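# Analysis of the macromolecular model
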Amino acid sequence: MSPEASSTPRSLAEALRARDDASLAALLRDRPDLVAPVPTDLTQLATRAGTRASVLRALEHLDRFALQTAQALAVAPDPATYDTLHELLAGDDGDPAVTEALPDTVAALRRQALIWGDDDRLHLVRTARELLAPSAQHPSPTGLGPTVREATSGMSPGRVQQIVNTAGLPSTHDPVSAVTALTGLFTDRKRMDALLAGAPEAAREVLTRLMWGPPYGQVTADPAAHLRWLLNRGLLLPTAPGTVVLPREVALHLRGGRAHRVPEPVPPAVEPAVAHGPRIVDATAAGQAYTALATIEDLLKHWDQGGPAVLRAGGLSVRDLKRTAVALDAPEPLAAFWIELAYAAGLLATDGAADERYAPTPAYDTWLERPVAERWGRLAAAWLAATRTAGLIGGRDIKDRALSALGPGLDRSAAPEVRHRVLTLLANLPAGVAPTPEAVLTRLTWERPLRAPQRDTEDLRIRLARWTLSEAELLGVTGRGALSSHGRALLGAAPEPEDSPLSATGQSTATAVGLLAPLLPEPLDHVLLQADLTAVAPGPLLRPLAETLGVLADVESKGGATVYRFTPASVRRALDAGQTAADLHAFLAQHSRTPVPQPLTYLIDDVARRHGHLRVGVASAYVRCDDDSVLNEIMADKRAAALRLRRLAPTVLAAPCDPATLLEGLRALGYAPAAESAQGDVLITRADAHRTPPRTAPEPVPEGPPTPDTVLLAAAVRAIRAGDVAATTPLKASGPQPAGGELPRTSPADTLATMQAAVMTGEAVWIGYVNADGAASQRVVAPIRVEGGFVTAYDHTADEVRTYPLHRITGVAELAED
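A separate point is the overall build of the protein. Each helix and strand in the protein was counted, giving 34 helices and 25 strands. Against the 2.2 N^0.38 benchmark of 28 Å for 818 residues, the protein shows a C-alpha radius of gyration of 39 Å, more extended than a compact globule. Looking at the protein as a whole, 47% of its 818 residues qualify as buried. Put simply, the protein shows about 38,900 Å² of open surface, and 55% of that area lies on carbon and sulfur atoms. Distance between charge centroids for the protein: 5 Å, based on 80 positive and 94 negative side chains.

This brings us to the pairing of strand β14 (residues 554-557). Relative to strand β15 (residues 562-565), β14 runs antiparallel, the two being bridged by three bridges. Bridging from a neighbouring strand, V555 pairs with Y564 of β15. Between the end of β14 and the start of β15, which pair antiparallel, lie four residues, with G559 showing a positive phi angle near 155°.

Moving on, we come to the sheet that holds β15. Sheets are built from strands paired through backbone hydrogen bonds, the pairs being either parallel or antiparallel. With antiparallel pairing, four strands are arranged side by side in an open sheet as β12-β13-β15-β14. Since the sheet does not close on itself, it has two edges, and those belong to β12 (528-530) and β14, each with one partner. On average, each strand axis in the sheet is inclined to that of its neighbour by 30°, with strand direction left out of account.

A few words on the environment of A386. Within the secondary structure layout, A386 lies in the loop between α21 (372-385) and α22 (415-427). A C-alpha to C-alpha distance of 38 Å links A386 and V98, two positions 288 residues apart in sequence. Discounting chain neighbours no more than four positions away, the residues touching A386 are A344, A415, P416 and R419.

This brings us to the packing of aromatic side chains. Ring pairs (aromatic) are described by centroid distance and by the angle formed between their planes. Throughout the structure, instances matching the rule amount to four aromatic pairs. Judged by centre distance (6.4 Å) and plane angle (25°), the ring pair of W303 and Y358 falls under stacked. Of this pair, W303 sits in the loop between α17 (278-302) and α18 (318-328) while Y358 sits in strand β8 (residues 358-360), and the two are 55 residues apart along the sequence. Judged by centre distance (4.9 Å) and plane angle (70°), the ring pair of Y769 and Y804 falls under edge-to-face. Placement of Y769 in strand β21 (residues 765-770) and of Y804 in strand β24 (residues 800-805) is noted, with a sequence separation of 35 residues between them. Just above the ring of W367 sits the side chain of R375; from NZ or CZ to the centre is 5.5 Å.

The subject of this paragraph is the sheet that holds strand β4 (residues 237-240). Pairing in this open sheet of three strands is antiparallel, and the strands run β3-β5-β4 from one edge to the other. The open sheet is flanked by β3 (216-218) and β4, the only strands paired with a single partner. Sheet twist, expressed as the mean angle between neighbouring strand axes with direction ignored, is 40°.

Formed by 89 residues in total, the largest nonpolar core has its most connected members in L28, L45, F186, L235 and L236. Counting residues per element, this core draws most heavily on helix α6 (residues 64-74), at seven residues. Aside from chain neighbours lying at most four places away, what touches L235 is F186, M192, L195, L196, L207, W229, L230, V245, L246, P247 and V250.

Let us now look at the pattern of salt bridges. A full pass over the atoms with the stated rule returns 36 salt bridges. Among the ionic pairs, E417 bridges to R461, the shortest N-O distance being 3.0 Å. Of this pair, E417 sits in helix α22 while R461 sits in helix α24 (residues 457-475), and the two are 44 residues apart along the sequence. Like R461, E417 is buried. Salt-bridge contacts for D554 lead to R573; the nearest nitrogen and oxygen are separated by 2.8 Å.

This part takes up the pairing of strand β25 (residues 809-814). For β25, a buried count of five out of six residues is recorded, marking the element as mostly surrounded by other parts of the structure. Of the strand pairs in this sheet, β21 and β25 are connected by five bridges, and their pairing is antiparallel. Its bridge partner being in β25, W766 is matched across the sheet by A813.

It is worth spelling out the packing of α17 against α18 at this point. Relative orientation of the contacting elements α17 and α18 amounts to 125°, with a least axis distance of 10 Å. With respect to α18, the axis of α17 lies oblique. Between α17 and α18 lies a crossing whose hand is right-handed. Mapping the contact onto sequence places T295, D298, L299 and H302 in α17 and T324, A327 and L328 in α18. Class assignment of the residues belonging to the contact of α17 with α18 gives a composition of three nonpolar, three polar and one charged.

All right, on to unusual backbone geometry then. With an omega of -5°, the peptide bond between A36 and P37 qualifies as cis. Relative to the assigned elements, P37 resides in the loop between α3 (21-30) and α4 (42-49). Here G213 and P214 are connected by a cis peptide whose omega angle stands at -5°. Examined against the element boundaries, P214 turns out to sit in the loop between α14 (201-211) and β3. Phi at D329 takes a positive value of approximately 55°, unusual for a residue other than glycine. When you line up the elements, D329 lands in the loop between α18 and α19 (332-344). For D329, a relative accessible area of 73% gives the class exposed. Within the chain, D400 stands out as a residue other than glycine whose phi angle is a positive 65°.

This part takes up the state of the cysteines. Summed over all chains, the structure comprises zero disulfides. Counting only cysteine sulfurs, C657 is the nearest neighbor of C625, a cysteine outside any disulfide, at a range of 17 Å. With a relative accessible area of 2%, C625 lands in the buried category.

Structurally, R779 is set in strand β22 (residues 776-787). Judged by relative accessible area, R779 falls into the buried class, the value being 15%. There is a polar contact of 3.3 Å between the side chain of R779 and the side chain of S777. In terms of polar contacts, R779 uses its side chain to reach the side chain of D795, at 2.9 Å.

Rules behind the numbers
- Residues numbered from 1 in each chain as written.
- Predicted model: local features only at pLDDT ≥ 70, side-chain atom pairs only at ≥ 80, totals over all residues.
- Heavy atoms only, no water.
- Helix = DSSP H or I, 4+ residues; strand = E, 2+ residues; numbered from the N terminus.
- Rg over C-alpha atoms; globule rule 2.2 N^0.38 Å.
- Buried < 20%, exposed > 50% of the residue type's maximum accessible area, 1.4 Å probe, protein only.
- Areas by Shrake-Rupley, 256 points an atom, 1.4 Å probe, with all protein chains shown as cover.
- Lys, Arg positive; Asp, Glu negative; His and termini not counted.
- Charge placed at Lys NZ, Arg CZ, Asp CG, Glu CD.
- Pairing = 2+ DSSP bridges.
- Axes fitted to C-alpha atoms, helices over the stretch in contact; angles between N-to-C directions.
- Contact = heavy atoms within 4.5 Å.
- Phe/Tyr/Trp six-rings, centres within 6.5 Å; stacked < 30°, edge-to-face > 60°.
- Lys NZ or Arg CZ within 6 Å of the ring centre and 35° of its normal.
- Core = buried A, V, L, I, M, F, W, Y, C linked by side-chain atoms within 4.5 Å.
- Salt bridge = Lys/Arg side-chain N within 4 Å of Asp/Glu carboxyl O.
- Parallel < 35°, antiparallel > 145°, perpendicular 65-115°, else oblique.
- Left-handed = near helix turned anticlockwise from the far one by under 90°.
- Nonpolar A, V, L, I, M, F, W, Y, C, P; charged D, E, K, R; others polar.
- Disulfide = S-S within 2.5 Å.
- Polar contact = N/O pair within 3.5 Å; in protein donor to acceptor, adjacent residues only side chain to side chain.

These values are about where atoms sit, not about what they do.
Structure follows, in structure tokens:
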């Protein structure tokens, strides 16, 4: 072990240098921003670990007690002993829970390089101390104010001596020793008790009000007697005209040594609220999963011919969202969730046309052909990993712009981690047990406490958790508030947040699909026809049956059973799609468990008899009919005046409008015309589905740098170690001695001569190297060959043989023989 490792570290870099490789890998795993890019040595790693952005990111991932520990260190002397830290958290009486939890918490903070040093000299990283230490501009969550030394820094020496004398302390020769004596008084429990015993009752009330913060108060130019008593003894110290502060040492004495009013070393338990049978939970979740699939299918079927237009700024208009909500028979926020879910699963996208619209993707057709459980698995996996947050729709961004469905600004990188954590808390409960939402939110607040109330991020995490609980129920991941067996499987193989990006793996999805499949109802191949021109589907129908019936009849109601109603318009729609009356009769007879009612047979025959009796073509449009009495009837109908028809022949009428308008107008009059081609053939108006070009699902937006895998961690640790060797290897006294962190500088001739000598002796040398991108580095190399302006050497830093252009080597220095 090196001398630095065996002695007390004097800096964070020395503390990191004393760590083993496993500890360094754990640091890089906990704080992935430190490894992008890989630091050149341990000094650079320590510098990067102390930057404001990196420290802020690390603090934001602390739980409440770890943050309380860091806050306590920020108000403790630097360095502080473990016993001092324990007293600040446990108080004079000692809290057994704090005593038990503190060692692991200190070890975790040390592992993350937020504190360093041995237990007798604990240092909080300087940037963390600046962020957490109390000040007038940024009060500490501890409620403590400045120390006596900080509060008296601008006070006159004479006034300091007056306070010392009034407090019963002997006079000193300088203000430094006077402040030291006053600090010693305030930190001595017995002497402070004696001093406060003589305080007026009103003075003690003032101290009680300021004790837990905020520690600042206002006084007049002529303070009351009880305030003057406190000011004369330094128990309150002036910080500005009319403003006084309670010194930190006094507050800690009044608190019994505690830095926090309520230390929270133990996470709040997620208590069970209600218990259901696991089978009931699974059945409820499976039913909701099927409903979710049906809703997604209805949505995309509604947009099958091309959905709403894309706004110029991107996204869906409020009007189109309302129309979609009406079509789905759902509230607008719920419709927005289904739209975003289909988009996240890659089933919905923009078509990229000049008049850009939303439409299903080709993947939607493939998705429809998969078994029901597999379709659910794709939706659940997409939801678990998605960073787009439907709950934000309808709100406004930081620039006060409206957030629309499918629009920009909906990505929240914390969403996958929050979803994963909420489901994990549910998974920790027994099967069938559901907690209250408040218990889950309380636990999440402890795990990521509120650190910056003025920002939206912390409040957003709570909202994300609420949305997760409701969305999981809608999607069938949970049932009656409890995690289902297939939801547990979906989560079980999903990677933890610290291991890799949050998404459901193929293995977890397949396991969940296998558990869900037996719980889903089998599709039916029949319906029940009724005399009132309705058909009842007592369950889900096979896809070909559902598609044909959806053309032949209109859906009247949904639920456990779906009710279809046959109307003249719906029958005409089927005939327009190329079906004949015989086809429709055969279809109904084949798929009905009840006899086909006579009214339905009459309806089909009547519509079929009149269907195509009138023919509409291009004149701009014309109507022809072999029965001129029908044309006479149309011409005599006042409702047809808007069509501006005129007779070209006894069996032909012409109109200035296009054929589609003429068709709709005649149908509105109660006729059943058919369109025909230029050759006189009846046109079958079977609509072609509108699809986008192939699209991929949107990529989740990661929260910060990705967590490095094991291979990258091992390579990064090896590179940092090698770079540190290059930076700390001692040089010969006769060679150049650059300052720490600087590259060696030698002339080209000296560089060449030293390299050639190293080739002959086989010794390693230390070089400074600047690559083609201008990045400088220090390396320890063993030259093998020097020719043609290049040096071929074994690079100890990279652990491989490399070739370096001589003109890019800034200098070379020989290493000490030891």
